[in-house]
Amino acid sequence: MASPLPSLPYDVLLHIFTLLVHDSRHPRWWTFPHPHPLTLSQVCEQWKQAAMTPSLWSQIRIMSASSSLVTLEKSLSYSMGLGLDIWIQFCSPNEDVLNQDRETEISEMLIAEAHRLVSLTFSIGNGVSRLPAPFQRPLSLPNLRRLIFCHPEHYSTTMDVTYPTLLRKAPVLGDVAILSTMVHPLRPFVGENAPRLTKAEFESHVFDARDFIGLLRSQPDLVELAVQATVQLDILSSSNIPLSITHSTLRHLSIWNTDPTLFRCLSLPSLHSLAVGWHDDPRTSLAPFIAQTETLRTLSLKRMSFGFLLSPEFSFPHISHLHVELSEDPLCIGQHDWCGISELDTMFMTEERTVLSGLKKISVEAILEDDSVCQRVLQLLERIWTATRVQTIAFPALEKLAYDILLDGISEPLETRLQTLGSANQHVSYCVCASLPFSPYWTLLAELNNELL
């Protein structure tokens, strides 16, 4: 049978190429090598015509140690003046003079197009403690909307980078992510002269509470904030730190590894979704915050006990979606007996209306590597599904069950039962994935892509 590819309309082929070339994931998870329009253009004349569309060349990934300068020149030229989304990885140690020269040359080429930069991601390799000299100069970035610093491995490098230099002339910058690489990452975004952000994400070993509070006070337009670290809030007792912080526009907050007193001082009257992980004392701090935040609709609890949701001390009728990440993390084993299973099971055994009486959807996420745990999770999901059918007293509004489970070494009968539970009813959405070995085909494709580049 002849291949249908030659008969595909141009717009369909272009859409397929766009999905291949433009990675929609967070730039932190981008990979290299990747499908490149230059590769696609060398298959046939029809593919070449589609692959030469300027928009396909506007998302550029560069690994400084191996990327071709000719390929970079072509990408900058063939993108025809469009805004550029740049991901660049600096992976050579600072003492590597040869690669330093190459990185400087690449950096100068990008800086010459600084007015076109819309998104700029720096992926910092092991041993790299500063950016090439061209990026340490004050730059005019009139169209830059997103800036990201990330490291492939958490907290393995402390960078001596004055990235505030990149913020001085970036008037439309609104989306920032500083991940795993910086000391005091919040400070450049605190104060009257800080760029106005609408979305921010930070990871670090430790945040100073004054920086965290200063960020909320300095960013009145912030809508989405994610913080992963140990937020030091013991200094809240200091006379120069307010005991109550109100932020009126923040709608989405994700916060991990926090001191429990954090939620005692926050007031977020517009908050719509909250994701919390590894919280030590939810009953005395998190629970009152959730109960008082009546705009909150989506609650995501990750790797933590949520027995406080079973207590009649508080009521959460405004929560319509509960997302739970079940965990066998070593911090949880023995303390919470595989975080989440017992609490969810107890919820659906009750014969009384629970504190989550307005709940419409429950979603469960887990990575399962043991048959006995998989059996417990499966029984739990079947119990929840039974509840969605019979409209239990505990959850009279419950309509939907969703689960996303990765299996690794689980027996086939259990995997089949998980698949059957999801496929048997329209009210259950699911994704069950088995852990598969790396395919030789993708290895071959990566090698071919390297040769063409």
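Structure first, text after, so check above.
Residues numbered from 1 in each chain as written. Predicted model: local features only at pLDDT ≥ 70, side-chain atom pairs only at ≥ 80, totals over all residues. Heavy atoms only, no water.

Asks: Give a detailed account of the overall build of the chain, specifying residues and quantitative values.
Replies: Tallying secondary structure elements over the chain gives 12 helices and 16 strands in all. Counting all 453 residues of the chain, 48% fall into the buried class. Considering only contacts in the chain between residues 6 or more positions apart, those separated by 24 or more positions represent 70%. For the chain, the exposed area adds up to about 21300 Å²; of that, 54% sits on carbon and sulfur atoms. (Helix = DSSP H or I, 4+ residues; strand = E, 2+ residues; numbered from the N terminus. Buried < 20%, exposed > 50% of the residue type's maximum accessible area, 1.4 Å probe, protein only. Contact = heavy atoms within 4.5 Å. Areas by Shrake-Rupley, 256 points an atom, 1.4 Å probe, with all protein chains shown as cover.)

Asks: Please provide a residue-by-residue account of the nonpolar core, values included.
Replies: If you look at the biggest cluster of nonpolar residues, it comprises 103 residues, and the most contacted ones within it are Phe122, Leu225 and Leu274. It is helix 10 (residues 371-390) that contributes the most residues to this core, eight residues altogether. With residues near it in sequence (within four places) discarded, Leu225 still touches Ala200, Phe202, Phe212, Leu215, Leu216, Leu250, His252, Leu253 and Ser254. Core analysis: the second largest hydrophobic core is formed by 11 residues, Val21, Ala50, Ala51 and Trp57 among them. (Core = buried A, V, L, I, M, F, W, Y, C linked by side-chain atoms within 4.5 Å.)

Asks: Provide a residue-level description of a nonpolar patch on the surface, including the pertinent values.
Replies: On the surface, Val12, Ile16 and Leu20 cluster together to form a nonpolar patch covering roughly 210 Å² of accessible area. Tracing the sequence through the fold places Val12 in helix 1 (residues 10-21). (Patch = residues over 30% accessible without salt bridge, like charges linked within 9 Å, V, L, I, M, F, W, Y side chains within 5 Å. Salt bridge = Lys/Arg side-chain N within 4 Å of Asp/Glu carboxyl O.)

Asks: Could you give an account of the packing of aromatic side chains, with specific residues and numbers?
Replies: Under the counting rule described, the total for this entry stands at six aromatic pairs. Ring geometry for Phe122 versus Phe135: centroids 5.0 Å apart, planes at 80°, classification edge-to-face. Here the residue Phe122 occupies a position in strand 3 (residues 117-124), and Phe135 occupies one in the loop between strand 3 and strand 4 (146-150), the gap between them amounting to 13 residues. The residues Phe122 and Phe135 share a single accessibility class, namely buried. Summarising the aromatic geometry, the rings of Phe263 and Phe289 are spaced 5.1 Å apart at their centres and angled 50° between planes, so their arrangement reads as tilted. (Phe/Tyr/Trp six-rings, centres within 6.5 Å; stacked < 30°, edge-to-face > 60°.)

Asks: Can you break down the environment of Val428 residue by residue, with the values?
Replies: For Val428, the location among the structural elements is in strand 16 (residues 428-434). Taking the C-alpha atoms as reference, Val428 lies 6.1 Å from Lys400; in sequence the two are 28 residues apart.

Asks: Can you break down helix 4 (residues 69-78) residue by residue, with the values?
Replies: Of all the positions in helix 4, only Leu69, Thr71, Leu72, Ser75 and Leu76 are classed as buried. Along the long axis of helix 4, the arc covered by the buried residues comes to 160°, so they all point the same way. Just downstream of helix 4, Met80 is the residue with a positive phi angle, here 55°. (Arc of directions from axis to C-beta.)

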